[in-house]
Amino acid sequence: MKLNLYLVALFLGLAHTSQSQMRFTLREAQDYAADNSFSAQRAELDVRAAKAKVLETTAIGLPQISAEGSYNHNVQIPTSVVPGEFFGAPPGTFIPVRFGVRHSMTGGLTGTQLLFNGSYIVGLQASMAYKRLSEQNRTKTKIEVRQEVANAYYLVLAASENVSMLEKALSVVKELSVATRALYENGLSDEQSADQIDLSKATLENNLEYAKLQGEQALDLLRFTMGLPQGTAIELSDNLNQLITNASATAMINGNSEATIDYQIAKNVVQLQRLNLKNTQAAYLPTVALFATHQQNGFANELDRFQWNRFFPASIIGFKISMPILTSGMQHQKVQQARLEFKKAQLQETQAREGIALQQQNARNSYNFQLRNYQNQKANLALAERVKNKTMIQFKEGIASSFDYSQAENQYIQAQGAYIQAIINLLNAQTEYLKAFNQLN
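Just so we're clear, the structure is a prediction, and the values are computed from it rather than from any experiment.

A closer look at a nonpolar patch on the surface
There is a patch of nonpolar side chains on the surface, built from Leu115, Phe116, Ile121, Leu285, Leu290, Ile317, Phe319 and Ile321 and spanning about 790 Å² of accessible area. Secondary structure elements with two or more residues in the nonpolar patch: strand E5 (103–116) and strand E8 (311–322). Ranked by residues supplied to the nonpolar patch, first place goes to E8 with three residues. Looking at the element boundaries, Phe319 is found in strand E8. Residue classification places Phe319 among the exposed positions, given a relative accessible area of 57%.

Shown next as structure tokens:
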């Protein structure tokens, strides 16, 4: 029995561990963020709100039924006067008479059905266009989230690579520090050489700690971008070298600026402004509605004497037509404003098309530059490493000074930093390039 309980506890512990540890490739991280990031969730709520707006607008043209009721207590029954001759009094005299009862109650139903309204028809089309715009904004948000996740993912991997390189360099310097300090203590080297190597070691240790901190911050940023709670244990399963290889082998893309989501949004804005113009013009058209009303009216002087058979029905059915005749030019100016907004939207559409073409060209040029820069920095790093290794050998043989070695070590660290930055720039440039040509989805 104890063994069974132990196995169950072990199984639950393993299950908890597997659930708390999450592994993501770059693609999986982007897919997760596209559904769970804060921006993506807000965009999804906007789409749902737009769909509800469509249903709301549609309901305007459907039958509407409302109920209403009222109760009146006449504290003082209104008094009217009638000619006295009606009651045999001399002509020219008036007799006060009270008409009505102290209590009255009314209850009724009113139904309406819109038969024609130009603004309703246009509004229905506009609500559909608005829903389409919210869906396009959702698509754009997901593309931007994918780019942000990719950039954060690259930072984490690059920071890890930087830590690995610094740890390797620090290991070599520590060995050299021990050897140099031993030579000094045995009188075979001067104190300045030992101190210089110790200074290089301290510098590398500080750089290593800072690199680890950057790695932790990059991981926190990735969690935030993906919509994961801070502290969630995640592991990145993509290899930096493979991502670099893929980025270096990115094929040239020839895309149409009109296929991008930004242009589609600009085009939809034009459609919305066109519908807005039609809506203001539709205000000149009449509105026709059918209505029907049924009421039950009750009257009594005492509340306890209200009986159902004392309610009297009243029913009305008809239709209503309304049409503006004179607005003193106000509606005309509204139409003119809507027409100008429509022209502005058309201009913005043209600007968006040309701007996207420029963005694509810049993204292509930036990617090509960053690819060449990465290749140069990679060669520079290899050269700096060879110089450092040769200087270290010369230092051990007494040919080079500790200062020469420290200088070579500093050059190597600078080349390493430039190389890591070149990796980040290349991967980010590739992501921007794919985004510009609508391939980041």
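Some thoughts on the layout of surface pockets
Estimated volume of the largest pocket: approximately 360 Å³. Around the largest pocket sit 17 residues that line it, and Asn162, Tyr210, Ala211, Gln214 and Ile420 are the ones nearest its centre. Listing elements by their share of the lining of the largest pocket, those giving two or more residues are helix H4 (118–185), helix H5 (191–226) and helix H9 (402–436). Counted by class, the lining of the largest pocket contains ten nonpolar, seven polar and no charged residues.

Concerning the side chain of His103
Mapped onto the secondary structure, His103 falls in strand E5. A polar contact of 2.8 Å, which involves the side chain of His103, links it to the side chain of Tyr71. Side-chain polar atoms of His103 contact the side chain of His73, separated by 3.4 Å.

A word on the sheet that holds strand E2 (residues 64–73)
Hydrogen bonds between backbone atoms are what pair the strands of a sheet, whose relative direction is either parallel or antiparallel. The four strands lie next to each other as E2-E5-E7-E8, forming an open sheet whose pairing is antiparallel. On the outer flanks of this sheet lie E2 and E8, each paired with one strand and no other. Along the sheet, successive strands turn relative to each other by an average axial angle of 15°, direction set aside. In the sheet, E2 pairs with E5 via ten bridges, with the strands oriented antiparallel. Counted as the bridge partner of Ser70 is Thr106 from E5.

Section: the confidence of the model for the protein
Put simply, the protein has an average pLDDT of 87, and 93% of its residues get 70 or more. Per-element mean pLDDT across the protein ranges from 42 in helix H1 (residues 2–20) up to 94 in helix H2 (residues 26–36). Taken together, the stretch residues 1–19 has pLDDT below 50 and engages in zero contacts with residues farther than four places along the chain or on a different chain.

Quick look at the packing of aromatic side chains
What the rule picks out here adds up to six aromatic pairs. Summarising the aromatic geometry, the rings of Tyr367 and Tyr433 are spaced 5.4 Å apart at their centres and angled 10° between planes, so their arrangement reads as stacked. Within this pair, whereas Tyr367 is found in helix H8 (residues 330–396), its partner Tyr433 is found in helix H9, the two being separated by 66 residues in sequence. Ring-pair connections join several aromatic residues into one group, and the members of that group are Tyr367, Tyr433 and Phe437. Directly above the ring of Tyr412 sits Lys388, whose terminal nitrogen or CZ lies 4.2 Å from the centroid.

Some remarks on the pattern of salt bridges
Side chains that carry opposite charge are capable of pairing whenever their charged atoms lie near each other. By the definition in use, this model includes twelve salt bridges. For Arg27, the salt bridge goes to Asp31, with nearest N and O atoms at 3.8 Å. With a gap of four residues between them, Arg27 and Asp31 both fall in helix H2, about one helical turn apart. A salt bridge links Glu135 to Lys131; the nearest nitrogen and oxygen atoms lie 3.2 Å apart. Taken together, the residues span about one helical turn, with Glu135 and Lys131 both in helix H4 at a distance of four residues. Classification of Glu135 as partly exposed rests on a relative accessible area of 24%. Residue classification places Lys131 among the buried residues on the basis of a relative accessible area of 18%.

Description of the environment of Ile261
Locating Ile261 in the fold gives a position in helix H7 (residues 261–282). We classify Ile261 as buried; its relative accessible area is 14%. Sequence separation between Ile261 and Glu175 is 86 residues; the distance between their C-alpha atoms is 56 Å. Setting aside chain neighbours within four positions, we find Ile261 in contact with Gln136, Thr139, Lys140, Ile143 and Asn438.

About the criteria used
Residues numbered from 1 in each chain as written. Predicted model: local features only at pLDDT ≥ 70, side-chain atom pairs only at ≥ 80, totals over all residues. Heavy atoms only, no water. Patch = residues over 30% accessible without salt bridge, like charges linked within 9 Å, V, L, I, M, F, W, Y side chains within 5 Å. Areas by Shrake-Rupley, 256 points an atom, 1.4 Å probe, with all protein chains shown as cover. Salt bridge = Lys/Arg side-chain N within 4 Å of Asp/Glu carboxyl O. Helix = DSSP H or I, 4+ residues; strand = E, 2+ residues; numbered from the N terminus. Buried < 20%, exposed > 50% of the residue type's maximum accessible area, 1.4 Å probe, protein only. 1 Å grid on protein atoms, 1.4 Å probe; cavity = no way out; pocket = protein on both sides within 12 Å on 5 of 7 lines; lining within 4 Å. Points joined across faces, edges and corners; volume = space filled by probe spheres on them. Nonpolar A, V, L, I, M, F, W, Y, C, P; charged D, E, K, R; others polar. Polar contact = N/O pair within 3.5 Å; in protein donor to acceptor, adjacent residues only side chain to side chain. Pairing = 2+ DSSP bridges. Axes fitted to C-alpha atoms, helices over the stretch in contact; angles between N-to-C directions. pLDDT = per-residue confidence, 0-100. Contact = heavy atoms within 4.5 Å. Phe/Tyr/Trp six-rings, centres within 6.5 Å; stacked < 30°, edge-to-face > 60°. Lys NZ or Arg CZ within 6 Å of the ring centre and 35° of its normal.

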